[in-house]
Amino acid sequence: MGKRSIRDFGVDGKTVLLRVDYNLPMNPGTTDILDDSRITATLPTLTYLLNQGGKVVIVTHLGRPNGQRVDALRLGPVSERLSTILKVPVLQIPGWRGSQVKASVEAMPAGSLAVLENIRFDPGEETNDPELSRALASLADVYVNDAFGTAHRAHASTEGVAHHLPALAGLLMERELSVLGDA
């Protein structure tokens, strides 16, 4: 594979900004998750990063809130499901930029996991706003993309942030790219 993978970069003591695709189907009108296979697909990457001593900060989206905060699309239920699956606490951070977000990330111990609030609540996500990209990058030492389903989008959390940090493929992305190479 021509892309750098998490296998090529030591994350011990580093903060990893991990872009995943947790746009999970929900039971209409509820916060009940119908299918968590997108979470389970990222478990090898998460386990690898956590076992290597990295602090993992997840960036993802849910639905199409069009740059607005929509209570039904908050990521609390996703964080809870992730915590249940991994059997570890998952910190839910109620934003994605600002001094409180940065302080929350800095306070995380090595080997811990946090989820930022739905990135598509910020109108700068879909416009690939350079300020949002820089704010996301300021939270971490390295960027890992494990969101194959959104990797083609020129958004702040996929394309923009990769200009500010070393960018690596997660194990799911690595596998998807390998399959494409064989096609």
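Everything below is about the structure printed above this text.
What you see as residue numbers is a count from 1 along each chain, following the sequence as written. Thresholds applied to this predicted model are a pLDDT of at least 70 for local features of residues and 80 or more for the giving and counting of side-chain atom pairs; totals over whole chains, interfaces and linings are not thresholded and use all residues. Side-chain figures throughout are based on the complete set of non-hydrogen atoms in the structure, without hydrogens or water.

A. Up close: the overall build of the chain. Of regular secondary structure, the chain possesses seven helices and six strands. Helix and strand definitions here come from DSSP, where helices need a minimum of 4 consecutive H or I residues and strands a minimum of 2 consecutive E residues; each element is numbered from the N-terminal end. Secondary structure of the chain in N-to-C order comes out as β-α-α-β-α-β-α-β-α-β-α-β-α. Taking 183 residues into account, the globule formula puts the C-alpha radius of gyration at 16 Å, and the chain, at 15 Å, falls close to it. Throughout, exposure labels follow a simple rule: accessible area from a 1.4 Å probe, protein chains only, divided by the maximum for the residue type, with under 20% read as buried, over 50% as exposed, and the rest as partly exposed. Counting every position in the chain, which comprises 183 residues, the buried fraction comes to 49%. What makes two residues a contact is simply this: any of their non-hydrogen atoms within 4.5 Å. Within the chain, contacts between residues at least 6 apart in sequence are counted, and of these 76% link residues at least 24 apart. When we talk radius of gyration, it's over C-alpha atoms, and the globule rule is simply 2.2 Å times the number of residues to the 0.38.

B. Highlighting the sheet that holds strand β6 (residues 167-169). Two strands pair if DSSP finds at least two bridges between them. The strand order across the open sheet built from six strands is β3-β4-β2-β1-β5-β6, with neighbouring strands paired in parallel fashion. Two strands bound the open sheet, and with one partner strand each, they are β3 (91-93) and β6. Geometrically, the sheet is characterised by an average inter-axis angle of 25° between neighbouring strands, direction not taken into account. Here β3 runs beside strand β4 (residues 113-116); their pairing, made up of three bridges, is parallel. Following the sheet pairing, L91 is matched in β4 by A114. Along the sheet, helix α3 (residues 76-86) contacts β2 (55-59), β3 and β4; its crossing angle with β4, the most-contacted strand, is approximately 160°. With axes taken as lines fitted to C-alpha atoms, and helix axes fitted only over the stretch in contact, angles between N-to-C directions fall between 0 and 180 degrees.

C. Here's a closer look at the side chain of N145. Its location among the elements puts N145 in strand β5 (residues 142-145). Any pair of N or O atoms that falls within 3.5 Å is considered a polar contact. Within protein, one atom must be able to donate a hydrogen and the other to accept it, and sequence-neighbouring residues count only if both atoms are side-chain atoms. Among the polar contacts listed, one links the side chain of N145 to the side chain of Y143, at a separation of 3.3 Å. Separated by 2.7 Å, the side chain of N145 and the backbone nitrogen of A147 make a polar contact.

D. Examining helix α2 (residues 43-51) more closely. Every buried residue of α2 is accounted for by L43, T45, L46, L49 and L50. Buried residues of α2, seen end-on, are gathered within an arc of 160° and therefore sit on one face of the element. One or two positions beyond α2, positive phi appears at G53, with a value near 90°. It is the directions from the helix axis to the C-beta atoms whose arc is reported.

E. Region of the structure containing the pairing of β5. Across the two faces of β5 the burial is the same, with V142 and V144 and Y143 and N145 all buried. Bridge count between strand β1 (residues 15-19) and β5: four bridges; the pairing is parallel. Bridging across to β5, R19 finds its partner in N145. One ladder, built from three bridges, connects β5 with β6; its direction is parallel. Each bridged residue has a counterpart across the sheet, and for Y143 the counterpart in β6 is A167.

F. Geometry of the environment of V59. Among the secondary structure elements, V59 is positioned in strand β2. Take V59: its relative accessible area is 2%, and that puts it in the buried class. As for V59 and R7, which are separated by 52 residues in sequence, their C-alpha atoms are 20 Å apart. If we ignore the near neighbours within four places in the chain, the residues touching V59 are L17, L18, R19, V20, L116, I119, L136 and S157.

G. The pairing of β1, seen in detail. Of all the five residues making up β1, five are buried; the element is thus mostly covered by neighbouring parts of the structure. Burial along β1 is two-sided: the face carrying T15, L17 and R19 and the face carrying V16 and L18 are both buried.

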